[in-house]
Amino acid sequence: MRLLVLSHALGYGGAEVSTLQFLKLLKDVYDIDVIVGSGADTRFLSDLRVLGLRVVRVPVRRYRRGMISMEVERVKDIIRKVDAVWITHAEYPTAQRVKKIKEIPIIAHFRDYMLICPWWSACFGSQSICMKRCSIQRIIRCKQLKLDPLVTLGFFSRKKAMIYRWLYFVKGPIDFIKAFRSLTRNIEGIIKSIDGFIAVSKAMKNILISHVPELTEKPFEVVYNPIDIPVDIVKFSIYNKNPSKMVVYASGFNSAKGIHIFLQSVRFIAKEMPEVRIVIVGKYDEKLTNLIRKYNIEKYIQVVGFLPYREILKLFAESQVVTMPSIWPEPFGRIAAEANMLGVPVVASRVGGLPEVVESGVTGFLVKPGDPEDLAEGVMKALTTKFDREKIHRITAAKFDSIVAKNHFIHFLESFVG
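Participant: Any chance you could explain the packing of helix α9 (residues 259-272) against helix α14 (residues 372-384) here in plain terms?
Facilitator: Relative orientation and spacing of two packed helices are given, respectively, by the angle between their axes and the distance between those axes. Closest axis-to-axis distance for the α9/α14 pair is 8 Å, and the angle between their directions is 55 degrees. Regarding the angle of α9 to α14, the classification is oblique. Where α9 crosses over α14, the handedness of that crossing is right-handed. Side by side, α9 and α14 meet where I261, F262, Q264, S265, F268, I269 and E272 of the first sit next to P372, E373, L375, A376, V379 and M380 of the second. Its residues placed into classes, the contact of α9 with α14 shows nine nonpolar, two polar and two charged.

Participant: Help me understand the packing of aromatic side chains in this model?
Facilitator: The way to describe two aromatic rings as a pair is by their centre distance and the angle between their planes. Applying the stated rule across the entire model yields 19 aromatic pairs. Taking 5.8 Å as the distance between ring centres and 45 degrees as the angle between the ring planes, the aromatic pair formed by F155 and F253 counts as tilted. Pair noted here: F155 is in the loop between α5 (136-153) and α6 (158-193) and F253 is in the loop between β12 (246-249) and α9, with a separation of 98 residues, a long-range link. Taking relative accessible area as the criterion, F155 reaches 38% and is therefore assigned partly exposed. Ring geometry for Y224 versus F400: centroids 5.3 Å apart, planes at 85 degrees, classification edge-to-face. A residue pair is termed long-range when its members are at least 10 positions apart, and Y224 in the loop between β11 (220-222) and α8 (231-238) and F400 in the loop between α15 (389-399) and α16 (402-414) qualify at 176 residues. With respect to class, Y224 is no different from F400; both count as buried. Here the aromatic cluster, defined as three or more aromatic residues joined through ring pairs, consists of Y92, F110, F197 and F220. The ring of F124 has R138 sitting right over it, with the charged end atom 4.3 Å from the ring centre.

Participant: Where do I start with the nonpolar core in this structure?
Facilitator: Among soluble globular proteins, nonpolar side chains are generally buried collectively. Membership of the largest hydrophobic core comes to 116 residues, with the highest contact counts inside it found for L263 and F316. With seven residues, the single largest contributor to this core is α9. Those residues in contact with L263 that lie beyond four places of it in its chain are I280, L288, L291, I292, Y295, I297 and I301. If you look at the next biggest cluster of nonpolar residues, it comprises 28 residues, including A40, L51, I410 and F412.

Participant: Can you help me understand helix α12 (residues 334-341) in this one?
Facilitator: Residue pairs three or four apart in sequence face the same way in an α-helix, which turns once every 3.6 residues. Taking burial as the measure, the eight residues of α12 include eight buried ones, the bulk of the element. Listed as buried for α12 are R334, I335, A336, A337, E338, A339, N340 and M341.

Participant: Can you help me understand the pairing of strand β10 (residues 196-199) in this one?
Facilitator: Side-chain positions along a regular strand alternate between the two faces of the sheet. Going residue by residue along β10, you find G196 and I198 tucked away on one face and F197 and A199 tucked away on the opposite face as well. The pairing of strand β7 (residues 106-110) with β10 spans four bridges and is parallel. Each bridged residue has a counterpart across the sheet, and for F110 the counterpart in β10 is A199. Both β10 and β11 contribute to a ladder of three bridges, which runs parallel. When the bridges of β11 are listed, F197 appears paired with F220. Traced from β10 through helix α7 (residues 202-211) to β11, the parallel crossover comes out right-handed.

Participant: In this structure, what is going on with unusual backbone geometry? I would like to understand it.
Facilitator: If a residue is not glycine, its phi is most likely negative; likewise, a peptide bond is most likely trans. Phi at A9 is positive, roughly 55 degrees, even though this residue is not glycine. Its place among the elements puts A9 in the loop between β1 (2-7) and α1 (14-26). With a phi close to 50 degrees, A122 is a non-glycine residue in the positive phi region. Positionally, A122 belongs in the loop between β7 and β8 (123-124).

Participant: How should the side chain of T88 be read in this particular structure?
Facilitator: Position of T88 relative to the elements: it lies in the loop between β6 (84-87) and α4 (94-101). Residue T88 is classed as buried on the basis of its relative accessible area, which comes to 0%. Separated by 3.4 Å, the side chains of T88 and S7 make a polar contact.

Participant: Where do I start with the sheet that holds β11 in this structure?
Facilitator: Strands pair in a sheet through their backbones, by hydrogen bonds, and they do so in one of two ways: parallel or antiparallel. With parallel pairing, the seven strands of this open sheet are ordered in space as β3-β2-β1-β6-β7-β10-β11. This sheet does not close on itself; its edge strands, each paired only once, are β3 (54-58) and β11. Sheet twist, expressed as the average angle between the axes of neighbouring strands with direction ignored, equals 20 degrees. One ladder, built from three bridges, connects β6 with β7; its direction is parallel. Looking at the pairing, W86 lines up with I107 of β7.

Participant: So what exactly am I meant to see when it comes to the environment of F253 here?
Facilitator: Judged by relative accessible area, F253 falls into the buried class, the value being 17%. C-alpha separation for the pair F253 and V367, spaced 114 residues apart in sequence, amounts to 20 Å. Residues in contact with F253, not counting those within four places in the same chain, are L153, F155, I259, Y284, K287, L288 and L291.

What counts and what doesn't
- Residues numbered from 1 in each chain as written.
- Predicted model: local features only at pLDDT ≥ 70, side-chain atom pairs only at ≥ 80, totals over all residues.
- Heavy atoms only, no water.
- Axes fitted to C-alpha atoms, helices over the stretch in contact; angles between N-to-C directions.
- Helix = DSSP H or I, 4+ residues; strand = E, 2+ residues; numbered from the N terminus.
- Parallel < 35°, antiparallel > 145°, perpendicular 65-115°, else oblique.
- Left-handed = near helix turned anticlockwise from the far one by under 90°.
- Contact = heavy atoms within 4.5 Å.
- Nonpolar A, V, L, I, M, F, W, Y, C, P; charged D, E, K, R; others polar.
- Phe/Tyr/Trp six-rings, centres within 6.5 Å; stacked < 30°, edge-to-face > 60°.
- Buried < 20%, exposed > 50% of the residue type's maximum accessible area, 1.4 Å probe, protein only.
- Lys NZ or Arg CZ within 6 Å of the ring centre and 35° of its normal.
- Core = buried A, V, L, I, M, F, W, Y, C linked by side-chain atoms within 4.5 Å.
- Pairing = 2+ DSSP bridges.
- Right-handed = clockwise from strand over helix to strand, strands pointing away.
- Polar contact = N/O pair within 3.5 Å; in protein donor to acceptor, adjacent residues only side chain to side chain.

Below, the structure is given as structure tokens:
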């Protein structure tokens, strides 16, 4: 069977890593063509070349919500030869363009909430999971509440935030009309043109359906992401009897990821366990430095900057705890799954797909989202608990087994191909 894969690849994050790992599993099963955006990330393209896949670039258009429309008319010859199409992330509007060229089965992967939320997060005011359809009043309040963590992170001054709070009484209704008129106009066509949907967690599927019940009109499966980690790093990690007294954060400088909550928790951790080393991975600017100074925790934190994927895994393996203090309902929680696959306990928020990854008391601890003290208590508890790394790895490997994910995906895809 010949499979066409659509992946804009304009960035290189968890969605792209998961796509690559699926492609690694599928390349010996299907004849695969990959269509990427003309501005695709060079690291993603390099990884595709390593897999030996055919790759074609086409121009793309980014919509307000972040959804991507790809100019697949430029690859009509390929579309006419393939048997099925897999939309890997945000290219949902492209399905309608494909169907105009050829009536062909299309399945789409949901890896975020851009279909239902203008800010992708499905998190009301950065405080709670949004399970209700939006309204003008709700979007105004949501935008106002989202300012608080942005002030904390240094993206807005308090004065500017106050001005925006008032502006949102005008801007909120305008955004609502633009965002939801566009969604109402496009959702029917998007759902009609896609034959089946995949969510990366049960929690994500439930959130999406609560906003768009029409999704239940088509086959809708939950397929967990495969977690494929080099065997040498896994072995090093699970047999590492003396990991460093180190806590690692690698989720980025984003209020939805809860970095401000984590930094506030460091104050509590440092007071009780000053010998603990806190390591932050990623590309950051002076806003992070300012926030660390604000909390007076400079001597406890090391910022290592951007690291290649393999080096991040090694860092996880050397650490005693990895933390994922997200506020938004993580669709999956890849960092948590990778750390657990290495046998490293994870302290994560009890939100979104994270409880499907981390088993509290077994592979780490779940804590209340947005609560620095509860996060600190969870981290300190993890640091003083004697976890069995082999057991954590075994449980996680069974849950996110690559062959299981591969077979589940193949069975779902081939159910549409005559």
